[in-house]
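Take a look at the letters that make up each chain.
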Amino acid sequence: MKAVRAKTPRRPALKKPSNPSLKDPVGVYCRVRPLSRPDQECCIEVISETTVQIHPPDGYRIFRSGEYRETQYSFKEVFGTLVAQKELFDVVAKPLVEDLIRGKNGLLFTYGVTGSGKTHTMTGSPGDGGLLPRCLDMIFNSIGPFQAKRFVFKLDDKNGVDVQCEVDALLERQKRDAMPVPKTPSGKRQIDPEFADMINVQDHCKVEEVDEDNVYSVFVSYIEIYNNYIYDLLEEAPFDPIKPKPPQSKILREDQNHNMYVTGCTEVEVKSTEEAFEVFWRGQKKRRIANTQLNRESSRSHSVFIIKLAQAPLDADGDNVLQEKEQITLSQLSLVDLAGSERTNRTKAEGNRLREAGNINQSLMTLRTCIEVLRENQMYGTNKMVPYRDSKLTHLFKNYFDGEGKVRMIVCVNPKAEDYEESLQVMRFAEMTQEVEVARPVDRPLCGLTPGRRFRNQAFREELSRKLEMRGGPINGETEEQCVSEMFLQNFPPLPSCELLDVNDDQTLPKLIEVLEKRHKLRQMLSEEFAKNVLAFKTMLQDFDSSVISKENYIQGKLSEKEKTIAGQKMELERLEKKIKTLEYKIEILEKTATIYEEDKRNLQQELESKSQKLQRQASDKRRLEARLQGMVAETTMKWEKECERRVAAKQLEMQNKLWVKDEKLKQLKAIVTEPKNEKPERPSRERDREKPIQRSVSPSPVPNAPPVRLRHRRSRSAGERWVDHKPPSNLPTETVMQPHVPHAITVAAASEKALAKCDKYMLTHQELASDGEIETKLIKGDVFKTRGGGQAVQFTEIETLKQESPTGRKRRSSPSNPDPPEDAGDSEWTDVETRCSVAVEMRAGSALGPGYQHHAQPKRRKP
């Protein structure tokens, strides 16, 4: 007989529910694991059944501007450190198993930081099984009496299911039993002691309302997503010790109902909890784990254990599986153990571990991005594309978020202080995930057959067997028709002997004819009686049907009334739910507004503090600048005061020199006018000049603490000193009787270093034209001394003047020596030697230039 091929009939035209308002939020639960050491610092506290509080550890606020904030996060339910695995299973996983048996899909995944207890929650530990073994135990406790024989359901390679008749299934079982490695029957299977304690669940939990007119088969598969590649953990690849082949990655495909599945994945049909967990444990040993700084056995991949449940109704007789593919349902429950998010600077990962951590964090980040986009689309009405394809993890489960089943998430957290920042990110993501709503899947269609047909058929068989046993008829190995014919033949009289031994025997045949006629009459009587009984039974059945119909009508009336009441209550519940959602939305808006205001307040406070600090820095800079400017102003003021004093002193000196020249001229003119003609002027002696010092002029001296200037004679004071007699070649010879004569003198036309080095005195003969047109000869005398630079310097000390006048009754003046001036002219007689001769000539060794000189000691001005 040809097998009937059937696919899962999961609403190809109802990809989105007809009623989009029927949506359920993603159920997010939180589980807090106990601390590994009692002396560890704890940063997470359970404050109610739905709320946890997380606070920064000691010293953390030092790095966050002194802030110390305690944050609370709400979940559907929070499980503390002392919660048992059974309590967690009853709240989170049990509803998903019930939906699985009713033909609906479900997704349950654990999320958290490395070492937060995700694998323990999913798998469990010896003596305390986790969610996965408890789900398997509940499934087989519920469908155990209604399981189909092996190979009645057969999965294809396109995410569909085939249903086979009993003969084809029997052939498949015989082929399997004839394999070289025979399989141990499930009833005699020896449990691996390594995981025996995990599946030894004594709760015997099961679904209360199981469709007893269906047959069920369970298929399991186990895959892992490692470095964004999908690998089959149940694949039995041949081992080559010489050249081992790496496992081949699998490809994701989309079936005709737009559901995602893994191509070529091994799917094993299991008939008991022990067999299913043994398959899981075989794949668990192939899963990639590694030792990191945060966890000794850290999962390096996302593991997905998929439980598929195929179910189909029985036919009208309740004997065989209905051979209609539209009535076959395939539902699945995916149990996902996500790898933990981690920071590489904490795990000290290198090489492959570092690459694994990067891929793990990338896939988890893609999951967060998909959740954020879904939430934004639902809350703000946008139509952004959800990036499911960016990661194999999100691409595999995109159907669940599009409305293919319930989604549940268990957030596992470690309360130790070292995981504070990672736990904070996990809490924020989990709280955001609760705001995503998933469309509620529609119920499967009814098959339309009479319910209870399995047990009625079973009761009929039992009653028939009982009656046959009471009459002593065959019970085992005979069909129903054989039993009925045997009972019917027992009511007839026995046939006589029909053996003819003689040709002339005329007694055997008449006796046989007589017996047959009696049997015929008896058969007619039995037939009439059977017809009467049939008619009576039909009448009784009609009466029973009429009573059943009347009762059904009464029940339908009651049900309609109850349905109306339920519909009214549902409408009231929907109204209250809408009101609750509206109030929750308002509360959320107010909380967000308060959060925004708090954030703005905090930002404004920070801005105010920064601006106040900036103003303080500016004020301090201004004070420093003012102090610096005051110092610069004081320094500049002092500098300019000194410069002004210097300029004033220079100007006073210049004016004093001019006044001195004029006074000298006036004195000379006065002396000439007042001089008696016959008397010879008396020459003052050097001793009297030394004893009677001439008072200085009122003009300030350019050299402080200068000695008083004395009148000097025009001749040399010492005949033993050597002189440099500098007579420029431009001088004209004079015919005066009195000629300057200097003994021991070196006469030169231009001053030289060599001549200055040999002498102690210097005299320059200078001629100029006087105002009356006569030639005036001036003898400028000075002292020669050595300088620090190795040259010779001349400091001029006095000037002698020789002047020739016309012979028209005037007297020639040979020397400016005058008699003692009157007392009223003492103040303007002579100025300081430094005032008259304060110019020095400096020459360096080897210089060929002559010394410079200046007449009347007028200093040059300096530019300010």
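Please refer to the structure placed before this passage.
Every chain's residues receive numbers from 1 upward, in the order its sequence appears when written. For a predicted model such as this one, the threshold for reporting local features is a pLDDT of at least 70, and the threshold for listing and counting side-chain atom pairs is 80 or more; totals across whole chains, interfaces and linings nevertheless cover every residue. In computing side-chain values, all of the structure's heavy atoms are included and hydrogens and water are not.

> Got a minute to help me understand the sheet that holds strand β4 (residues 44-46) in this structure?
Backbone hydrogen bonds are what pair the strands of a sheet, in a parallel or an antiparallel way. Only strands joined by at least two bridges in the DSSP assignment are considered to pair. Runs of H or I in DSSP of at least four residues are treated as helices and runs of E of at least two as strands, each being numbered from the N terminus. Taking strand neighbours across the sheet as the criterion, the 3 strands line up as β4-β5-β6 in an open arrangement whose pairing is antiparallel. Of all strands in the sheet, those bounded by a partner on one side alone are β4 and β6 (71-74). On average, adjacent strands in this sheet sit at an angle of 25° to one another, irrespective of strand direction. Here 4 bridges tie strand β5 (residues 51-54) to β6, and the two strands are oriented antiparallel to one another. When the sheet's bridge partners are listed, Ile54 is paired in β6 with Thr71. Axis geometry follows a simple rule: fit a line to the C-alpha atoms, using only the stretch in contact for helices, then measure angles between N-to-C directions, giving values from 0 to 180 degrees.

> How do you make sense of the side chain of Arg375 when you look at a structure like this?
Assignment of secondary structure puts Arg375 in helix α7 (residues 352-380). Burial classes: relative accessible area under 20% of the type maximum marks a residue as buried, over 50% as exposed, and values in between as partly exposed (1.4 Å probe, protein chains only). Taking the relative accessible area as the measure of exposure, Arg375 reaches 18% and is therefore buried.

> Can you help me understand the packing of aromatic side chains in this one?
Ring pairs (aromatic) are described by centroid distance and by the angle formed between their planes. Any pair of Phe, Tyr and Trp rings, taking the six-membered ring for Trp, is counted once the centres come within 6.5 Å. Such a pair is stacked with planes under 30 degrees apart, edge-to-face with planes over 60 apart, and tilted for the rest. Under the counting rule described, the total for this entry stands at 9 aromatic pairs. An angle of 75° between the planes, with centres 5.6 Å apart, marks the rings of Tyr222 and Phe305 as edge-to-face. In this pair, Tyr222 is assigned in strand β13 (residues 214-226) and Phe305 in strand β20 (residues 302-313), connecting sequence segments 83 residues apart. As far as the burial class goes, Tyr222 and Phe305 line up, both buried.

> I tried to follow the packing of helix α1 (residues 85-101) against helix α3 (residues 131-143) on my own but got confused; where do I start?
The geometry of a pair of packed helices is captured by two quantities: the angle between their axes and the separation between those axes. One way to put it is that α1 packs onto α3 with a least axis distance of 9 Å and a crossing angle of 50°. If you check the angle between α1 and α3, you find them oblique. Where α1 crosses over α3, the two elements pack in a sense that is right-handed. Note on element contacts: α3 touches α1 through Leu131, Arg134, Cys135, Met138, Ile139, Ser142 and Ile143, opposite Gln85, Lys86, Leu88, Phe89, Ala93, Lys94, Val97, Glu98, Leu100 and Ile101. For the contact of α1 with α3, the residue count by class is 11 nonpolar, 2 polar and 4 charged. In this scheme, roughly parallel covers angles under 35 degrees and roughly antiparallel covers those over 145, while 65 to 115 is roughly perpendicular and the rest are oblique. Helix crossings fall into two classes, left-handed where the near helix is turned counterclockwise from the far one by less than a right angle and right-handed where it is turned clockwise. Here a residue-residue contact requires only that any non-hydrogen atoms of the pair lie within 4.5 Å. Residues are sorted three ways: Asp, Glu, Lys and Arg are charged, Ala, Val, Leu, Ile, Met, Phe, Trp, Tyr, Cys and Pro are nonpolar, and all the rest, Gly among them, are polar.

> Just to check I follow, could you spell out the pairing of strand β3 (residues 27-32) for this structure?
Along any regular strand the residues' side chains alternate between the sheet's two faces. Among the 6 residues of β3, 6 are classified as buried, and the element is accordingly described as predominantly covered. Of the two faces of β3, the one lined by Gly27, Tyr29 and Arg31 and the one lined by Val28, Cys30 and Val32 are each fully buried. Pairing of β3 with strand β22 (residues 405-413), which is carried by 6 bridges, proceeds in the parallel orientation. Pairing of Arg31 across the sheet is with Cys412, part of β22. Relative to strand β7 (residues 77-79), β3 is paired through 3 bridges, and the arrangement is parallel. Each residue of the ladder has a partner; that of Tyr29, found in β7, is Glu77.

> How do you make sense of the pattern of salt bridges when you look at a structure like this?
Pairing of side chains with opposite charge becomes possible as their charged atoms draw close. Any carboxyl oxygen of Asp or Glu that lies within 4 Å of a side-chain nitrogen of Lys or Arg is treated as forming a salt bridge with it. Counted by the stated rule, this structure contains 31 salt bridges. Here Glu435 and Arg375 are joined by a salt bridge, their closest N and O atoms 2.1 Å apart. One end of the pair, Glu435, is in the loop between α10 (420-433) and β23 (437-439); the other, Arg375, is in helix α7, and 60 residues separate them in sequence. One salt bridge in this structure joins Glu643 and Arg646, with 2.3 Å as the shortest N-O distance. You can see Glu643 and its partner Arg646 sitting in helix α13 (residues 508-674), 3 residues apart, about one turn around the helix.

> In this structure, what is going on with unusual backbone geometry? I would like to understand it.
A negative phi holds for most residues other than glycine; trans holds for most peptide bonds. Although it is not a glycine, Phe151 sits at a positive phi angle of roughly 70°. Positionally, Phe151 belongs in the loop between α3 and β11 (153-155). Positive phi is not limited to glycine here, since Asn227 has a value of about 55°.

> In this structure, what is going on with α10? I would like to understand it.
Given 3.6 residues per helical turn, the α-helix brings residues three or four places apart onto the same face. Expected helix span is taken as 1.5 Å per residue step, with the number of steps being one fewer than the number of residues. Across its 14 residues, α10 extends 20 Å between first and last C-alpha, which sits within 8% of the 20 Å expected from 1.5 Å per residue. Extensive coverage of α10 is indicated by the burial of 10 of its 14 residues.

> How should I be thinking about the environment of Leu732 in this particular structure?
Following the sequence through the fold, Leu732 ends up in the loop between β24 (723-726) and β25 (745-748). For the pair Leu732 and His766, spaced 34 residues apart in sequence, the C-alpha separation works out to 9.9 Å. Discounting chain neighbours no more than four positions away, the residues touching Leu732 are Gln767 and Ile775.

> Whenever I open this one, α3 confuses me. Can you help?
Compared with an ideal rise of 1.5 Å per residue, which puts 13 residues at 18 Å, α3 spans 18 Å between its outermost C-alpha atoms and is within 8% of the ideal. Counted residue by residue, α3 has 12 buried out of 13 residues, so it is predominantly covered. Residues of α3 that are buried: Leu131, Leu132, Pro133, Arg134, Cys135, Leu136, Asp137, Met138, Ile139, Phe140, Ser142 and Ile143.

> In this structure, what is going on with the pairing of β24? I would like to understand it.
Of the two faces of β24, the one lined by Trp723 and Asp725 and the one lined by Val724 and His726 are each fully buried. Strand direction decides the pairing type here: β24 and β25, joined by 4 bridges, are parallel. Looking at β25, one finds that Val724 is bridged to Ile746. In the sheet, β24 pairs with strand β26 (residues 761-769) via 4 bridges, with the strands oriented parallel. Along β26, the bridge assignment pairs His726 with Leu764.

> How do you make sense of the side chain of Ser142 when you look at a structure like this?
Relative to the assigned elements, Ser142 resides in helix α3. On the basis of relative accessible area, Ser142 is assigned to the buried category, the value being 4%. Of the polar contacts made by the side chain of Ser142, one reaches the backbone oxygen of Met138; its length is 2.8 Å. What Ser142 contacts, discounting residues up to four positions off in sequence, is Ile101, Lys206, Val207 and Val210. In protein, a polar contact means a hydrogen-donor-capable atom and an acceptor-capable atom, both N or O and within 3.5 Å, with residues adjacent in sequence counting only if both atoms are side-chain atoms; elsewhere, any N or O pair within 3.5 Å suffices.

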